[in-house]
Amino acid sequence: LMLDKFEELGDVRFIINVGDSFYPEGLKGKDDPQWDTKWRNVYDAKLRSVPWYSVYGNHDYHHDPCACSSDPKDCAQVNWDIDDLSRFYM
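Residues numbered from 1 in each chain as written. Predicted model: local features only at pLDDT ≥ 70, side-chain atom pairs only at ≥ 80, totals over all residues. Heavy atoms only, no water.

Caption draft 1: Here's a closer look at the packing of aromatic side chains. Scanning all chains against the criterion turns up 10 aromatic pairs. Taking 5.1 Å as the distance between ring centres and 70 degrees as the angle between the ring planes, the aromatic pair formed by W35 and F88 counts as edge-to-face. One end of the pair, W35, is in helix α2 (residues 34-40); the other, F88, is in the segment after β2 (52-54), with 53 residues separating them in the sequence. Summarising the burial analysis for this pair, W35 and F88 share the class buried. Site record: aromatic cluster; members linked through ring pairs are F22, W35, W39, Y43, W52 and F88. (Phe/Tyr/Trp six-rings, centres within 6.5 Å; stacked < 30°, edge-to-face > 60°. Helix = DSSP H or I, 4+ residues; strand = E, 2+ residues; numbered from the N terminus. Buried < 20%, exposed > 50% of the residue type's maximum accessible area, 1.4 Å probe, protein only.)

Pasting the structure below:
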């Protein structure tokens, strides 16, 4: 359904993701296999060809190193490089 809408709209430049992406316990790091099982292998490459702007949901924080750090570089979901489409952009 999402891919159909993406193609119907035609000029999609980004996707807004509202959190709780890695339910129920979040990611443990940037190399967590859930990036594949719950995102890359779920959403078609066309959908991942544009930046995904995302926020953390409460479940995303459970195991994320970001929950106990003041440095965003520790966060499993934070990606500062808008051209790196392999992860969400935050």
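Caption draft 2: Representation of the pattern of salt bridges within the structure. Summed over all chains, the structure comprises four salt bridges. The residue K5 makes a salt bridge to E8 at a minimum N-O spacing of 3.3 Å. On the criterion of helical spacing, the pair formed by K5 and E8 is a turn pair, its members being three residues apart in helix α1 (residues 2-9). By relative accessible area, K5 is classed as partly exposed at 43%. As a salt-bridge pair, R13 and D11 come within 3.3 Å of each other at their nearest N and O atoms. The burial state of R13 is the same as that of D11; both residues are exposed. (Salt bridge = Lys/Arg side-chain N within 4 Å of Asp/Glu carboxyl O.)

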